[in-house]
Amino acid sequence: MNSLTTKKLKKSLVSTEFFVLVLIVLLAVFIEMQSGLFFTNNNLVDLLRSMIVPSIFALCAYLGFISTGPDVSFPLIAALSSYIATQFVVITGFQGSIAIVFLVAIAVGLVLGSINGFIIAKYNFPSLIVTLGTSTIFSGILLGAFEASRMELPATMADFGRQSLLAVTNAKAGIGSSLPMTFLIFVGLYIIVYFVLNHTMAGRGVFAVGGDETSAERAGFNVKLIRFGVFTVSGAIAAIAGVCYTVESLYYLPTEFAGEEMIVIAAVILGGTRLMGGVGTLKGTILGTLLITIVTNSLILVGIPVYWQKFFIGAIIIIGTAISVIQSHNLFKSKKSKDSKGLQNSEVVINETAQKQ
Amino acid sequence: MSENILSVKGVHKSFGGVHALKGVDLTIKKGEVHCLAGENGCGKSTIIKVISGVHKPDSGEVELNGKKYTSITPSEAIEAGVQIIYQDFSVFPNLTVMENLAINKALASKKKFINKKEFRRIAEEAVNKINFKVDLDALVEDLPVADKQLIAISRALLADAKLIIMDEPTTTLTKTEVKRLFEIIEDLKEQGVTILFVSHKLDEVYEICDSITIFRNGENVLSCQVSEMDDEKFAYYMTGRKFDSQNIKQNAKAGDSILEVKNLSAPGFDNVNFNLRKGEVLGISGQLGSGRTELSLALFGLLKPYEGSIVVDGKEVNITSPAKAQELGIALVPEDRLTEGLFLSQSIKRNINVTKLDELSSKLGVMNITALTDESKGWVKNIGVKTKDHEYPVQTLSGGNQQKVVLARWLATNPNVLILNAPTVGVDIGAKHDIHTLLRNLANEGRGIIVVSDDVKELVDVCDRVMVMQQGKIINEIASGDLNADMLSQYI
Ligand SMILES: Nc1ncnc2c1ncn2[C@@H]1O[C@H](COP(=O)(O)OP(=O)(O)O)[C@@H](O)[C@H]1O
Ligand SMILES: [Mg+2]
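These numbers were taken from a predicted model, which means no experiment stands behind them. (Residues numbered from 1 in each chain as written. Chains lettered and ligands numbered in written order. Predicted model: local features only at pLDDT ≥ 70, side-chain atom pairs only at ≥ 80, totals over all residues. Heavy atoms only, no water.)

1. Details of the overall build of chain B
Put simply, the rule is: Strands are runs of DSSP state E lasting at least 2 residues, helices are runs of H or I lasting at least 4, and numbering of each runs from the N terminus. Note that the radius of gyration is over C-alpha atoms, with the globule rule given as 2.2 Å times the number of residues to the power 0.38. Note on classification: 1.4 Å probe, protein chains only; a residue is buried when its accessible area is under 20% of the maximum for its type, exposed when over 50%, partly exposed between these limits. Contact definition: two residues touch when any of their heavy atoms are within 4.5 Å. Only the protein chains shown count as covering a residue, and every accessible area follows the Shrake-Rupley method with a 1.4 Å probe.
The helix and strand inventory of chain B stands at 16 helices and 20 strands. Computed over C-alpha atoms, the radius of gyration of chain B comes to 25 Å, within 12% of the 23 Å expected from 2.2 N^0.38 for 492 residues, which places it in the range of a compact globule. The principal-axis extent of the C-alpha atoms belonging to chain B is close to 75 × 50 × 45 Å. Out of the 492 residues belonging to chain B, those deemed buried represent 53%. Considering only contacts within chain B whose residues lie at least 6 apart along the sequence, 66% involve residues at least 24 apart. Carbon and sulfur atoms provide 47% of the accessible area of chain B, an area that totals close to 21,300 Å².

2. Side note on the site of ligand 1
Residue and element names in this part refer to chain B. So the rule is basically this: Any residue with a heavy atom positioned within 4 Å of a molecule or strand is treated as near that molecule or strand. Any N or O atom pair separated by 3.5 Å or less is treated as a polar contact, with the protein-specific requirement of one donor-capable and one acceptor-capable atom, and with residues adjacent in sequence counted only for side-chain atom pairs.
Taken together, Phe15, Val18, Ala20, Glu39, Asn40, Gly41, Cys42, Gly43, Lys44, Ser45 and Thr46 are the residues near ligand 1. Cysteine 42 is positioned such that a nitrogen or oxygen atom in its backbone is 3.3 Å from an oxygen atom of ligand 1. In the model, an oxygen atom of ligand 1 is placed 2.7 Å from a nitrogen or oxygen of the serine 45 side chain. Compared with its free state, where it exposes 560 Å², ligand 1 has 62% of that area covered by protein. Elements supplying a minimum of two residues to the shell around ligand 1: strand E2 (18–29) and helix H1 (44–51).

3. Some remarks on the domain arrangement of chain B
All names here are of chain B. Formally: A domain assignment, automatic or from a database, supplies the domain bounds used here. Defined here as a combined quantity, buried area equals the accessible surface (1.4 Å probe) lost by two parts on assembly, summed across both. By definition here, a salt bridge exists when the distance from a side-chain nitrogen of Lys or Arg to a carboxyl oxygen of Asp or Glu is within 4 Å. Polarity classes work like this: nonpolar for Ala, Val, Leu, Ile, Met, Phe, Trp, Tyr, Cys and Pro, charged for Asp, Glu, Lys and Arg, and polar for all others, with Gly in that last group.
Here chain B is described as being made up of domain 1 (4–245) and domain 2 (247–491). Each of domain 1 and domain 2 was reduced to a C-alpha centroid, and the two centroids are 35 Å apart. Facing 13 residues of domain 1, the contacting portion of domain 2 comprises 14 residues. The junction of domain 1 with domain 2 conceals about 1,200 Å² of combined surface from both sides, 52% of it contributed by carbon and sulfur atoms. At the junction of domain 1 with domain 2, the criterion picks out 1 salt bridge. Aspartate 434 is the salt-bridge partner of arginine 241, the closest N and O atoms lying 2.8 Å from each other. Counting the contacts that link domain 1 with domain 2 gives 2 residue pairs in polar contact (both at pLDDT 80 or more). Top contributing element to the side of domain 1 that touches domain 2 by residue count: helix H8 (residues 231–239), with 5 residues. Split into classes, the residues belonging to the side of domain 1 that touches domain 2 amount to 4 nonpolar, 4 polar and 5 charged.

4. Considering the pairing of strand E19 (residues 465–470) of chain B
Residue and element names in this part refer to chain B. Heads up, the condition is: Here a strand pair is declared whenever DSSP counts at least two bridges between the two strands.
Burial analysis of E19 places 5 of its 6 residues in the buried class, the great majority of the element. Relative to strand E20 (residues 473–479), E19 is paired through 6 bridges, and the arrangement is antiparallel. Its bridge partner lying in E20, valine 468 is registered against asparagine 476. Linking E19 back to E20 in an antiparallel pair, the connection comprises 2 residues, with glutamine 471 at a positive phi of about 45°.

5. As for the nonpolar core
What counts, and what does not: The nonpolar core is taken to be a set of buried Ala, Val, Leu, Ile, Met, Phe, Trp, Tyr and Cys residues, with the residues joined through side-chain atoms within 4.5 Å.
Ranked by internal contacts, the top residues of the largest apolar core, which has 136 residues, are Phe221(A), Ile153(B), Ile164(B) and Ile212(B). Residues Leu259(B), Ala325(B), Trp379(B) and Val452(B) belong to the second largest nonpolar core, which totals 71 residues.

6. Quick look at the sheet that holds strand E10 (residues 219–225) of chain B
Residues and elements named next belong to chain B. Quick note on the threshold: Only C-alpha atoms enter the line fits that serve as axes; for helices the fit covers just the stretch in contact. Angles between N-to-C directions range over 0 to 180 degrees.
What the 6 strands build is an open sheet, ordered E6-E7-E8-E3-E9-E10; its pairing is mixed. Lying at the two open borders of the sheet, with one neighbouring strand each, are strand E6 (82–85) and E10. Each strand axis lies, on average, 15° off the axis of its neighbour in the sheet, ignoring direction. Bridge count between strand E7 (residues 163–166) and strand E8 (residues 194–198): 4 bridges; the pairing is parallel. Note on E8: the bridge partner recorded for isoleucine 165 is leucine 196. Strand contacts of H1: strand E3 (33–37), E6, E7, E8 and strand E9 (211–216), with the helix running at about 130° to E3, the strand carrying the most contacts.

Set out below in structure tokens:
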């Protein structure tokens, strides 16, 4: 029992999530010491608020990675589906439930996502190329065919955006912050995705396909259907993120979305999700997103100018990646010695020298 | 009831222009361990895939348990009790042992939700079938290869396997692991499971199999009891060639000393002395961890000795790096060609020339393409790499031919002393014989050759004398006249 707990402890000590958590704490303490403003109620609420959309986007990136590979199309799926949902409300003068607005967006997202899924699953093309292509097409449709531009939101949507779950005011500074209702959507989505991935055969299939496609096929998983499903669902999730973003900002701006993918992917990778598929946790995804959100949101509190944030994000990504590389390297070493072929390490040296020559 | 569990008749299978199976028959009796042998590319994996329903045969029939199928589907094969242990084991590296064991069964029973308790119960049942001790919560990617294989085997047993087909199960295992696998096979046999064991190693066939079928070029050329088998017959039917291993040592003639090692000590070995002469092939053997590999590394400048001296061509030298070793005319062919040195996706030509680029380029570093082409063509021909063209990527070659490319690369540096670490591991008989002959020829040209190996037959066939190492010390030296497999085996 004792050895088991120490083993578990060791495991959590070396896990990427743990490193990210340490970074978050260090950063928070640093900001608090410098400014005294980090652990204030309004800053914490602000952080949660700022996390909502990136965290939902992170689900899309995460699902792509664990099943297949990089997906960069979610920002434009979000842009296009929330545009169509908003237009639907504007044109029809729809006054009913916000849920219907979400459903319209989700329907569009499902269609757009299924296009990705179809091409990737059927033709086995690399997901990066496919999603890069489709997102360019979606962008063309949005800005070219629809000539989308800035829109004020119709009342149904704006009202939902103004509703708050929690409002706080910082007594000292007199600044208020509120947590929008979309926070519940974010939490709900994570619970659903967690349940599906961990407690259903389909969810385990996603990991199986990402871990070893051939093995999955031999075991009897429908690899193509799983990939198709993942990208289709991911389209729906992106659409939800799109509507959340739109209602939170109280207007629609088509150009706000593109470019978001890089930072989201960085957050997901930082959280320990593997580029080659099959490995990654939702916990890590959340932590990675939180870290990046703190950097973009709170560094300003210590007077670090906005353009330096990019510098910090870049640095954190490189450090984060370096940590996981070092870890897998260590793992590699210990694995080799477990095989009691202690010599292999020295033989790796031969290989390296042979290549240098 | 028929006494044959499997009977394949007249199966043809082509892939595009490649006629992989040319009307093969294969009959396996219930309860036996049957070996399917043959050189790389002769169609072993293809027939397995026909039996398991992965490939549809162009013609011919498969009969399982007395039931005939013209083209069997994967699920029919599983229902009939056929389970395959693939060469790559078909496991999920990113999932736990428990999930790997239970997921197929859960999938087969069309479950929608995961029940962790049920999974654990299934997994425990599976590992208990072969008495396999493993942490069910460990990730499979963290396990050694042998354990991955055992996972595949216990998973197969869960599906009520009646015929387990193992595709070259021993290639990636250490000796102890092979022993354990054989114990499990014996145990399965006792439980009434029939085994089709694919291998091209004769000693394994003797040890574990009851009968054998040999394929050559997509045809079955021999089926018999293992008791009727011998080395010569095995090699002949596998390759269609007759080998005379006695003959290759005929012209052996040792000359002056070319490499002398005096009181050499380094991490891993202690106080080693030997003298290698021109024209001589010296074997160094011993178990894993006996110091044999370290010794070869020290001679190539990859391990720093803390005591003793090395004399090359009469001059005492200090080999501080591989570059220095090469300068002195020493080359080392590393053990694992796949991870150590071959660029699999690159052409044979590039792989051969990689050690020669400096020499065959102008001062400014521009490559002399004609010279490079000539060089590589020459080697492909000289050492008999079987390929249509030296521009083909190395991965299109069989294991033996890949090994020849590694050899060619180092030979291209024209070494006086050539050290080879396990030169024919995973190489089939024909290519093995070719490589041995090549080594003898190189020795006859006046080079000194060191073969580090634990393959007894190889040492006997190719070496003039063999030093046996144990725990970092040379414990015995056996000279040519006394060299035979039985006495060498005692030490290894
Ligand atoms: N899927 C495939 N497509 C094309 N050629 C194949 C395929 N599978 C096997 N072959 C060819 O069929 C021949 C037999 O291969 P295989 O059965 O794998 O041999 P082995 O006896 O080494 O297992 C080889 O020439 C191989 O290149
Ligand atoms: Mg094969």
